[in-house]
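# Report on the structure
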Amino acid sequence: MNNEDRKFKRNYIIGLTAVALLTGWGGAALIKGCLPAHYVEWFPFMPLFFYIWGLIFIALFRRESRRFAWLFLGMKVAKMLLFVLICGLYIALSDTQKTDFVVTFLILYIIFMIFETVFFWYYEKKRKNKKNEDE
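Summary of the structure given here.

Here is what the cut-offs are and how they apply
Residues numbered from 1 in each chain as written. Predicted model: local features only at pLDDT ≥ 70, side-chain atom pairs only at ≥ 80, totals over all residues. Heavy atoms only, no water. Phe/Tyr/Trp six-rings, centres within 6.5 Å; stacked < 30°, edge-to-face > 60°. Buried < 20%, exposed > 50% of the residue type's maximum accessible area, 1.4 Å probe, protein only. Helix = DSSP H or I, 4+ residues; strand = E, 2+ residues; numbered from the N terminus. Lys NZ or Arg CZ within 6 Å of the ring centre and 35° of its normal. 1 Å grid on protein atoms, 1.4 Å probe; cavity = no way out; pocket = protein on both sides within 12 Å on 5 of 7 lines; lining within 4 Å. Points joined across faces, edges and corners; volume = space filled by probe spheres on them. Patch = residues over 30% accessible without salt bridge, like charges linked within 9 Å, V, L, I, M, F, W, Y side chains within 5 Å. Areas by Shrake-Rupley, 256 points an atom, 1.4 Å probe, with all protein chains shown as cover. Salt bridge = Lys/Arg side-chain N within 4 Å of Asp/Glu carboxyl O. Axes fitted to C-alpha atoms, helices over the stretch in contact; angles between N-to-C directions. Parallel < 35°, antiparallel > 145°, perpendicular 65-115°, else oblique. Left-handed = near helix turned anticlockwise from the far one by under 90°. Contact = heavy atoms within 4.5 Å. Nonpolar A, V, L, I, M, F, W, Y, C, P; charged D, E, K, R; others polar.

### Overview of the packing of aromatic side chains
Applying the stated criterion to the full structure yields 24 aromatic pairs. For the ring pair F49 and F50, a centre distance of 4.9 Å and an interplane angle of 75° mean the geometry is edge-to-face. Residue F49 shares its accessibility class with F50, and that shared class is buried. Aromatic pair F50 and F105: ring centres 5.3 Å apart, planes at 45°, arrangement tilted. With F50 in helix 2 (residues 45–60) and F105 in helix 4 (residues 98–134), this pair connects stretches of sequence that are 55 residues apart. Each member of the pair, F50 together with F105, is buried. Counting every residue linked through ring pairs, the aromatic cluster contains F49, F50, W53, F83, Y90, F101, F105, Y109 and F112. Note that K32 overlies the ring of Y39, its terminal NZ or CZ placed 4.8 Å from the centroid.

Here it is in C-alpha cells:
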C-alpha cells in the first residue's frame, strides 16, 4: 500500500469517526434533551453499526481497483439489506418503540450515506482532475 492509499484511508477513517461521534453523542443529547420519550435504548449501537460497516468497506477498498464503483454500490446494497433485516427483526421481536427505532435508524442511515457519498464524490473528482493534469 502506497502513501496515497494510507492518506486516503486515514482521511476516511477520521471523517467516519467524526460523523459517528457527532451522531452518537449529539444525537443522544438531542433526543434525550428534546424528546426523551422517543429515546431508544439501542441508540448507542446504531452509530456503531455504521462505523463498523464503514471500517469493513475501507478495508476492502483498493484505490487502483477498476471495480471501485461496483464495490461501492455493492456495499450500499448490502448495507441496505442488512438495515432492512435489522429493522424487521426489531419490529418482530420487540414490543416497544418500533416506530422510534426505525425512524432513528433511518435518519442515521441517511446521514452516513450522505457522508460516504460526498466523501467518495470528492475522491473521484480529485482523481479525475489529477488524471487530466497528468495527460
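Right, picking up where we left off after that structure.
### A closer look at the layout of surface pockets
Each pocket or cavity is described by its volume, and for the second largest pocket that value is around 220 Å³. Taken together, 13 residues form the lining of the second largest pocket, with I31, F43, V103, T104 and I107 sitting closest to its centre. Of all the elements in the fold, those that place two or more residues in the lining of the second largest pocket are helix 1 (3–34) and helix 4. At six residues, the largest contribution of residues to the lining of the second largest pocket is made by helix 4.

### Examining a nonpolar patch on the surface
A contiguous nonpolar patch, built from L106, I110, M113, I114, V118, W121 and Y122 and spanning about 650 Å² of accessible area, is present on the exposed surface. Exposure remark for L106: the relative accessible area of 37% places this residue in the partly exposed category.

### With respect to the packing of helix 2 against helix 3 (residues 68–93)
In contact at an axis separation of 11 Å, helix 2 and helix 3 are set at 155° when each is read in the N-to-C sense. As summarised for this structure, helix 2 and helix 3 are arranged roughly antiparallel, according to the angle between their axes. Helix 2 and helix 3 meet at a crossing whose hand is right-handed. Contacts between helix 2 and helix 3 involve F49, F50, W53, I56, F57 and L60 from the former and F68, L71, F72, M75, A78, K79, L82 and I86 from the latter. Class assignment for the residues of the contact of helix 2 with helix 3 results in 13 nonpolar, no polar and one charged.

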